[in-house]
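Working through the structure, step by step
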Amino acid sequence: MGIRFKLLLTFVLCFGLMAALNLAQLEHNMSASYDAIERREMIENSNRMLQGIQAELLALSLQSADWAAWNATYEFAQKPDPVWAEENIGVNAMKPVHFSMVLVVDAKAKLLLFETRSASGQSLNLPELSSGPYFALFSADANGGTPQCGLMQSQAGLMLVCRARISRNDGSGEFVGNLVAGRLLDQTLVSKLREQTQLKFELHEQRGMPQGLQIWPEPASAAVNIGSQSLMFAHGKDLYHFYYQLQDVLKQNVGILTLDVSRDLTKQGNLLYRNVAQLFVLTALGTALLLGFFIHHLLIRRLRVLTNELTTLEQQSTWHTRIKLSGSDELGQLSSGINKLLALIEQQVTSLKLLSLTDPLTALPNRREFDARLRQEFARQKRQRIPLALLTIDVDYFKFYNDHYGHPAGDLILKEIAEILASAVSRSSDLAARIGGEEFCLLLPDTDAAGAVLLAESIRSKLQARNLPHVASLLSDRVTLSIGGAIAGDESIEAFVSRTDHALYRAKHEGRDRVCFDAGATE
Ligand SMILES: Nc1nc2c(ncn2[C@@H]2O[C@H](COP(=O)(O)OP(=O)(O)OP(=O)(O)O)[C@@H](O)[C@H]2O)c(=O)[nH]1
């Protein structure tokens, strides 16, 4: 797995995790605040719905209290006058105040007046109100001036009803009876209330509540005299279904109010959340890709260049090549560091190479260098048909010199001879080398036998001129050299070198301090 993929994976994971955490936090906060706002709105709505009915009940209460606290009504309760009643509290007076029912009962629970009126002006058939538990409640002395109101179940439907104690205008007078006023809670009234409250609630006359409802946490305090204190609810994905149990003045279940409230806020919140989530995911992905792009250009691409150049270096095993990665940042510094290291290695390799090809005592090329050059020049001689001469030079009785003067003095002699050989060769293609203890070689390309002999003799002369004493020599009291030489012919290198060795052997054998040349193989 490449570093680019790893980085990209890391970014995606990090940003993904970050987005997920933020989204979870956002969702938690959002749903908590939306829930709170929605709950407040629900309470307001349900209270508004109940307050609408309460307001109707209050209007009914005021009107019935008005009719009950009237001297004429007080007199009627003691001495009923049907003509007066018809005009003032009877069916004719009911229309303007939207009463559906007026009932007057005296102190002895005798029904004095019972008028009903539908919205269309017809009378209603309400036999259950002139006897039974409702009538018992209507005829009891309430012992108070404030009318008692609530709901009532009748054959014509649910009815708002208020019972008021009949009194004089100033509220005085003994108990002479009650006046009960009612108003049908029919669809006309429900529609009016729906319009007023701007809430689409429904009135159902069924008594039982559906199964599986939950109790709404806040009590419905506005409606203590028309129903239970609690609201029930069920909630769907987009809607809250509210249920309110209506109870009559006898505390019996008589109907249900339902209200469906759309969860617009939650819907909008969910939409907003989805949008934000999409934005988060896109931003996280976009940022990861952008970072990946920049990292690729700033890092990965350049790292690849560096790796490729290092691979090439390794494959070619060359130290003179340099990394071509520029820049002053960390990668640029790394590349310049590698280049410095390469320069150091190159320098070390060059000097090691030089050391491995140089004789440490005389600073002349050693046997390894000589062998390499010999192979090179021998091949060239074969190719170009140009003469190649080889001289092998050996110090005479050098063992005795060492024995007599000591090894360090012998080293000095070897250095002197090396100087002479180095100064004797004038062409850049000539090579003077120390190939063994006191044995030297001169490789002379493009030199014939005569030239080689001449050079050998000049070396001997130069040594003579230095006049280096060698009292232990069996030949002379000075240091002398024996030189064997040969010109390369159509033969192997070994044969060529062997001929030179034989020439040297001959020089030794014939008395030393001389040059013997073998030109035998030349054509
Ligand atoms: N001082 C010194 N002596 C060396 C070095 N290398 C080889 N020798 C000595 O050179 C001597 C070579 O001796 P031999 O091969 O017997 O030959 P020689 O005494 O020169 O006799 P001929 O070659 O027959 O004239 C030995 O004593 C080696 O120890 C060196 O680097 N320094």
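We now turn to the structure provided with this report. All figures in this text were calculated on a predicted structure; none of them were measured in a lab. (Residues numbered from 1 in each chain as written. Predicted model: local features only at pLDDT ≥ 70, side-chain atom pairs only at ≥ 80, totals over all residues. Heavy atoms only, no water.)

1. Concerning empty space enclosed by the protein
- Evaluated as defined, the whole model comprises one cavity of 30 Å³ or more.
- Of the volumes computed, that of the largest cavity is approximately 30 Å³.
- Considering the residues around the largest cavity, the lining is formed by Arg460, Leu463, Gln464, Val479, Thr480, Leu481 and Asp513.
- Sort the elements by how many residues they give to the lining of the largest cavity and helix 12 (residues 449-466) lands first, with three residues.
- When grouped by side-chain class, the residues that make up the lining of the largest cavity number three nonpolar, two polar and two charged. (1 Å grid on protein atoms, 1.4 Å probe; cavity = no way out; pocket = protein on both sides within 12 Å on 5 of 7 lines; lining within 4 Å. Points joined across faces, edges and corners; volume = space filled by probe spheres on them. Helix = DSSP H or I, 4+ residues; strand = E, 2+ residues; numbered from the N terminus. Nonpolar A, V, L, I, M, F, W, Y, C, P; charged D, E, K, R; others polar.)

2. Brief notes about the site of the ligand
- In the vicinity of the ligand there are 16 residues, among which Tyr397, Phe398, Asn402, Asp411 and Arg434 approach most closely.
- Within the side chain of Arg434, an N or O atom sits 2.5 Å from an oxygen atom of the ligand.
- One of the side-chain nitrogen or oxygen atoms of Glu438 is found 3.3 Å away from an oxygen atom of the ligand.
- Here the ligand loses 68% of its free accessible area of 660 Å² to cover by the protein chains.
- Residue assignment for the shell around the ligand shows that the elements contributing at least two residues are strand 11 (388-395), helix 10 (398-405) and helix 11 (407-424).
- With four residues, the single largest contributor to the shell around the ligand is helix 11. (Near = heavy atom within 4 Å. Polar contact = N/O pair within 3.5 Å; in protein donor to acceptor, adjacent residues only side chain to side chain. Areas by Shrake-Rupley, 256 points an atom, 1.4 Å probe, with all protein chains shown as cover.)

3. Regarding the side chain of Asp106
- Relative to the helices and strands, Asp106 resides in strand 1 (residues 101-106).
- No salt bridge is formed by the buried Asp106; its nearest oppositely charged neighbour, Lys110, is found at 5.5 Å.
- A distance of 2.7 Å separates the side chain of Asp106 from the backbone nitrogen of Lys110, its partner in a polar contact. (Buried < 20%, exposed > 50% of the residue type's maximum accessible area, 1.4 Å probe, protein only. Lys, Arg positive; Asp, Glu negative; His and termini not counted. Salt bridge = Lys/Arg side-chain N within 4 Å of Asp/Glu carboxyl O.)

4. Considering the pairing of strand 2 (residues 111-116)
- Pairing of strand 1 with strand 2 involves five bridges; the strand directions are antiparallel. Paired with Leu103 across the bridge in strand 2 is Phe114. (Pairing = 2+ DSSP bridges.)

5. Structural notes on the state of the cysteines
- For the coordinates displayed, the defined rule picks out one disulfide.
- One disulfide bridge connects Cys149 with Cys162, the sulfur atoms lying 1.9 Å from each other. The chirality of the disulfide connecting Cys149 with Cys162 is right-handed, given an S-S dihedral of about 110°. Of this pair, Cys149 sits in strand 3 (residues 148-154) while Cys162 sits in strand 4 (residues 157-165), and the two are 13 residues apart along the sequence.
- With relative accessibility at 16%, the residue Cys149 sits in the buried group.
- A relative accessible area of 0% places Cys162 in the buried class. (Disulfide = S-S within 2.5 Å.)

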